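Remarks on the overall topology
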Amino acid sequence: MFLSVFDVFKIGIGPSSSHTMGPMTAAVRFLDMLRASADAAPAALRVRLHGSLAFTGKGHATDRAVLLGLLDYRPDNLNVDEAEERIAELWRTRRLHPAGLPVLDFDPETDLVFDFGPPLPGHANGLVFQALDQAGKVTFSEIFYSIGGGFVVTAAEREAPPTVFASESTGWPYPFHNAAAMLRMARESGASIAEMKHANEIVVRSPAEVDEKLGAVWAAMNGCIERGLSLDGQLPGSLKVKRRAKAIHQQLLREHGANSSLPHVTSDWLAIYAMAVNEENAAGGRVVTAPTNGAAGVVPAVIRYYLDHCAGAEPAKVADFLLTAAAIGGLIKHNASISGAEAGCQGEVGSAAAMAAAGLCAVLGGTPEQVENAAEIALEHHLGMTCDPVAGLVQVPCIERNAIGATKAVAAASLALRGDGQHFMPLDNCIQAMRQTGEEMSTKFKETSLGGLAVNLPEC
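Report on the accompanying structure. (Residues numbered from 1 in each chain as written. Predicted model: local features only at pLDDT ≥ 70, side-chain atom pairs only at ≥ 80, totals over all residues. Heavy atoms only, no water.)

Moving on to the environment of Ala-38. Following the sequence through the fold, Ala-38 ends up in the loop between α2 (17-36) and β2 (44-51). Relative accessible area serves as the criterion here: at 75%, Ala-38 is assigned to the exposed category. (Helix = DSSP H or I, 4+ residues; strand = E, 2+ residues; numbered from the N terminus. Buried < 20%, exposed > 50% of the residue type's maximum accessible area, 1.4 Å probe, protein only.)

Written as structure tokens, this is what we have:
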């Protein structure tokens, strides 16, 4: 099983990998399909959003994301100022001018439909794109599913996943498909999890390119932390949530070095790193899926905690952290889900905490067995967590939930390092428990904002 570290950690925009980055990517792919079709003869387009994309699409800016994709923007190449001008033009003219295609009629008000009926059969996040001819007849259609972490598949791909996600290709030196195989390969080879992951990566990229791209991922993560710590004000949306990371950061800076500091103050630093990222995500800023946008703060926060607060921390080990974390994230995605709409928040913040715990344990000298134990502890104590964003916004409880997920990750890594790697519950079993829990969880608690905190609001 091979899922690249750069598929797990993708640079994009907020507020949601599944509701923003995925639909944007799906729209771009549909345009590419139209360009390749000899028979479509498109004159107009129509898009329908189903399931969670309909119920929380407004709060997650899914409508804006689809428009951006139809304007040929991808999450990693978005010029925000230019894009806003082009969106405004689309609303004025009700027409698209995609390269390589004729001018297409598209009215965002009527041709982008939020369908609140039953979800499509393949996934809770479904989109239907249609091209129509001059007579209004549908000549080309495609169903896409946004399956979490910015990943998008067509209905056909959902039924028959590509080899890169599902098989032990002989091209990879270490094709582990579960944690048991990963540990067996580590014992047999004497390699760390990061070393095995790196060996797989350099099959498709040069070592220099892998190093460069890992550096770019961490630079984007750290840049997001710094932006979040420097900005205040109100986040967009109906909740009128205020940014808090900057104010808390300033408090901590004033208290730094004071004899009266409490021993748990380090946890406050960890928390604000995570909150800074998720406030930026909620504002639609530049973030890195880790493994999703809704859980984007946990891994960067724990890396920053390692660099700033762990004695003897080595910046060069950030690459090992990311590689180890990606290996765990890949196992969870392959054997369960990282989608809040499919598995609840256990699939998002739970997965992120497991990844961060594994990464921290590895860079602090943990054995592969201890790393696997750290991931299991973190994931186990997120099982059953629902995804119930208030007003469909990635703000409450998402921002603070990342902070708590980061603290759980550090605690899990610490506990694992105190042991010898032997433990009762294997990570594979915990991942299966998460998958089963997600399958049986009510859809009210899986990103539809129809239950939980989303409907238990203050009365005044």
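So, about the nonpolar core. If you look at soluble globular proteins, the nonpolar side chains tend to sit buried side by side. Formed by 104 residues in total, the largest nonpolar core has its most connected members in Phe-9, Met-221, Val-299 and Leu-322. Setting aside residues up to four positions removed in sequence, Met-221 forms contacts with Phe-9, Val-288, Ala-290, Val-299, Pro-300, Ile-303 and Leu-322. (Core = buried A, V, L, I, M, F, W, Y, C linked by side-chain atoms within 4.5 Å. Contact = heavy atoms within 4.5 Å.)

Within this structure, the stated rule accounts for three cavities of 30 Å³ or more. Here the largest cavity is characterised by a volume of approximately 140 Å³. If you trace the largest cavity, you find 16 residues lining it, with Gly-294, Glu-348, Cys-387, Val-394 and Cys-398 closest to the centre. Class assignment for the residues of the lining of the largest cavity results in eight nonpolar, four polar and four charged. (1 Å grid on protein atoms, 1.4 Å probe; cavity = no way out; pocket = protein on both sides within 12 Å on 5 of 7 lines; lining within 4 Å. Points joined across faces, edges and corners; volume = space filled by probe spheres on them. Nonpolar A, V, L, I, M, F, W, Y, C, P; charged D, E, K, R; others polar.)

The next subject is the side chain of Asp-111. Structurally, Asp-111 can be placed in the loop between β4 (104-105) and β5 (112-114). No salt bridge is formed by the buried Asp-111. Its closest oppositely charged neighbour is Arg-46, at 5.8 Å. Residues within four places of Asp-111 in sequence aside, it is in contact with Leu-45, Arg-46, Val-47 and Phe-106. (Lys, Arg positive; Asp, Glu negative; His and termini not counted. Salt bridge = Lys/Arg side-chain N within 4 Å of Asp/Glu carboxyl O.)

The side chains of a regular strand alternate between both faces of the sheet. Summarising burial for strand β6 (residues 125-132): eight of the eight residues are buried, a large majority. Covered by surrounding structure in β6 are Asn-125, Leu-127, Phe-129 and Ala-131 together with Gly-126, Val-128, Gln-130 and Leu-132, the residues of both alternating faces. Relative to β6, β2 runs antiparallel, the two being bridged by eight bridges. Its bridge partner lying in β6, Ala-44 is registered against Leu-132. In terms of strand pairing, β6 meets strand β7 (residues 138-148) through seven bridges, oriented antiparallel. Residue pairing in the sheet places Gln-130 in a bridge with Ser-141 of β7. Between the antiparallel neighbours β6 and β7 lie five residues, among them Gly-136 with a positive phi of about 85°. (Pairing = 2+ DSSP bridges.)

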